[in-house]
Amino acid sequence: MIREFSSADILFIVTAVRWTLILSAIAFAGGAIGGLAIALSRSSQNRVLRRIATGFIQVFQGTPLLMQLFLVYFGLAVVGLPIDPLLAAAVALTLHASAYLGEIWRGAIEAVPSGQSEAATALALGYRDRMRHVILPQAMRIATAPTVGFLVQLIKGTSLASIIGFTELTRAGQIVNNATFQPFLVFGTVAALYFLLCWPLSLLARHLEARMRRALMR
Amino acid sequence: MYQFNFQPVIQNLDLLLFGAWLTVRLSLMAMLFGLVVSVLGAVAKTSGIRPLRWLVDAYVEVIRNTPFLVQIFFIFFGLPAVGISMSPNTAALVALVVNVGAYGTEIIRAGIESIPRGQIEAGRALGLNPVQIFRYVVVKPALRNIYPSLTSQFIYLMLTSSVVSVISANDLASAGADLNARTFASFEIYLVLTVLYFLLALGFSTLFAAIRRVFFTYPAGR
């Protein structure tokens with residue numbers, strides 16, 4: 001039955017935002033851990049580690065996120081796990097975020113002048129102390145703006161989880177559209193909600209980047 | 001234990017390869033039209049005409065801060081409500097062009113702004129006419145500056161184009177979805193699709209590197 005697009009529908013769509021946020025948070029947290037591991041491997045002295053990290057980044061940046069989602073989704077059955085959209089989306093987005101954050105953070109680590117690392121070595125700091133107290137704190141400042149920028153990309157990416165049947169913002173819009181058949185209003189509302197989530201982050205990223213550039217010019 | 005079955009994929013590899021060709025064609029068209037939109041957007045943005053600049057700013061911000069999936073739903077399902085109907089294939093191309101145009105506008109604007117004014121004045125001092133100045137002193141160096149960002153955006157566009165399969169536009173992902181509906185060899189099909197997309201991305205980046213070598217490796221003189 002086709003019914004009117006009511007306030008209950010708007011409420012349904014708005015509350016689905018929480019699943020978009022939860023999925024983004026999971027992927028970002030997982031991606032932060034994976035990304036750090038990738039970035040450290042990619043910039044390490046160990047050739048095998050470096051090669052593996054490079055391959056990981058190339059594969060995940062060279063294939064569509066949609067295919068990664070499908071592969072993980074159907075791959076769960078291959079390894080004998082139950083097929084669950086949330087699990088599949090969380091795993092796929094975590095791997096995706098690991099690759100992108102790994103590449104961003106590798107760049108940041110390498111942007112720290114090598115003299116810093118050499119000075120720390122001269123002070124007899126081991127690899128762990130060097131990274132923890134000298135390199136990473138400086139790399140973090142450089143990486144902040146692009147990391148926030150990637151967060152926008154990640155939030156938008158979670159919309160693809162709707163295709164494997166996870167009910168987040170986009171899928172909630174599809175469900176309401178199927179009942180009300182008001183696609184212009186429904187998808188307009190969905191787009192507006194994504195915009196409200198992403199735009200402030202985009203502005204923040206731009207602001208951080210401008211501040212960074214001013215700091216470098218000094 | 002899971003039994004792998006690549007038979008359906010091998011038997012229908014021609015369908016997938018044809019799908020890959022459709023993805024290449026769709027991406028190339030989207031890149032071409034997207035480049036036109038980007039140049040127009042960048043020119044409008046740097047023109048100094050206020051309302052025009054606001055319009056382009058709004059376009060760029062809205063597109064860059066909403067998911068492509070929602071954009072294509074809005075274009076394919078939403079626009080017919082206001083009298084603009086398109087076939088899935090046309091809607092797919094329009095959505096991709098609108099999407100890449102927003103990113104391209106920003107990239108090309110950055111390229112135009114990367115040319116110092118003194119360089120244009122130097123061109124004038126050498127007696128070049130305005131067309132020559134625009135072509136050799138502005139466009140070519142600007143293109144060289146933005147070439148890496150522009151081409152990686154294009155490769156990202158090709159990967160994003162897999163999303164057009166949700167409205168059943170013809171491409172590689174759709175070919176895979178059709179095959180999946182007939183054979184249910186899901187994991188095997190998507191594994192091969194992923195490999196094919198990876199090869200396409202590799203192909204495009206090789207092509208772009210070749211173009212770069214031919215056109216943009218003159219002395220930089222920094």
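Residues numbered from 1 in each chain as written. Chains lettered and ligands numbered in written order. Predicted model: local features only at pLDDT ≥ 70, side-chain atom pairs only at ≥ 80, totals over all residues.

Participant: I keep staring at the overall build of chain B and nothing clicks. Help me out?
Facilitator: The helix and strand inventory of chain B stands at nine helices and zero strands. Beginning at the N terminus, the succession of helices and strands in chain B can be written as α-α-α-α-α-α-α-α-α. Taking the principal axes of its C-alpha atoms as reference, chain B extends roughly 75 × 45 × 25 Å. The proportion of buried residues among the 222 residues of chain B is 37%. A separation threshold of at least 6 residues defines the contact pool for chain B, and within that pool the share at least 24 residues apart is 77%. (Helix = DSSP H or I, 4+ residues; strand = E, 2+ residues; numbered from the N terminus. Buried ≥ 20, exposed ≤ 12 C-beta atoms within 10 Å, placed from the backbone. Contact = placed C-beta atoms within 7 Å.)

Participant: Explanation requested: the UniProt feature "transmembrane region" (unreviewed entry) in chain A in the structure shown.
Facilitator: All names here are of chain A. As annotated by UniProt and renumbered to match this structure, "transmembrane region" (unreviewed entry) occupies residues 20-40 and 184-205. Secondary structure content for residues 20-40 is 100% helix and 0% strand, while the C-alpha to C-alpha distance between its ends is 29 Å. Regarding residues 184-205, the helix share stands at 100% and the strand share at 0%, and the terminal C-alpha atoms are separated by 30 Å. (UniProt positions renumbered as here; feature names shortened; annotations may be inferred.)

Participant: Even after reading the chapter, I still don't get the nonpolar core, so can you show me in this structure?
Facilitator: The nonpolar side chains of a soluble globular protein tend to be buried with one another. Judged by nonpolar contacts, the single largest core of 110 residues is most densely connected at L69(A), A89(A) and I72(B). Looking at this core element by element, the count peaks at 14 residues for helix 4 (residues 85-111) of chain A. (Core = buried A, V, L, I, M, F, W, Y, C linked by C-beta atoms within 7 Å.)

Participant: Please explain the UniProt feature "domain: ABC transmembrane type-1" (unreviewed entry) in chain B as it appears in this structure.
Facilitator: The UniProt feature table records "domain: ABC transmembrane type-1" (unreviewed entry) at residues 20-208 of chain B. Helix makes up 81% of residues 20-208 of chain B and strand 0%. Its end C-alpha atoms lie 18 Å apart.

Participant: Whenever I open this one, the packing of helix 5 (residues 114-122) of chain A against helix 6 (residues 127-157) of chain A confuses me. Can you help?
Facilitator: Any two packed helices are characterised by the angle at which their axes cross and by the distance between the axes. Residue and element names in this part refer to chain A. Helix 6 packs onto helix 5 with a crossing angle of 165° between their chain directions and a minimal axis gap of 10 Å. Classified by the angle between their axes, helix 5 and helix 6 sit roughly antiparallel to one another. Between helix 5 and helix 6 lies a crossing whose hand is right-handed. Counting all contacts with helix 5, which are made through Q116, S117, A120 and T121, the residues of helix 6 involved are R130, V134, I135 and Q138. (Axes fitted to C-alpha atoms, helices over the stretch in contact; angles between N-to-C directions. Parallel < 35°, antiparallel > 145°, perpendicular 65-115°, else oblique. Left-handed = near helix turned anticlockwise from the far one by under 90°.)

Participant: Where do I start with the UniProt feature "domain: ABC transmembrane type-1" (unreviewed entry) in chain A in this structure?
Facilitator: When the UniProt feature table is mapped to this numbering, "domain: ABC transmembrane type-1" (unreviewed entry) covers residues 17-205 of chain A. End-to-end, the C-alpha atoms of residues 17-205 of chain A are 22 Å apart, and along that stretch the chain is 83% helix and 0% strand.

Participant: Got a minute to help me understand unusual backbone geometry in this structure?
Facilitator: Both trends apply: most residues other than glycine have a negative phi, and most peptide bonds are in trans. For F181(A), which is not glycine, the phi dihedral falls at a positive 50°. For F181(A), a count of 13 C-beta atoms within 10 Å gives the class partly exposed. Phi is positive for F184(B), which is not a glycine, with a value near 60°. The topology assignment puts F184(B) in the loop between helix 8 (172-183) and helix 9 (186-215).

Participant: Help me out: how do you make sense of the UniProt feature "transmembrane region" (unreviewed entry) in chain B in this one?
Facilitator: Residue and element names in this part refer to chain B. When the UniProt feature table is mapped onto this chain numbering, "transmembrane region" (unreviewed entry) sits at residues 20-44, 65-84, 150-169 and 189-211. Measuring from the first to the last C-alpha atom of residues 20-44 gives 35 Å, for a span that is 100% helix and 0% strand. In residues 65-84, the share of helix is 55% and the share of strand is 0%. The end C-alpha atoms are 24 Å apart.

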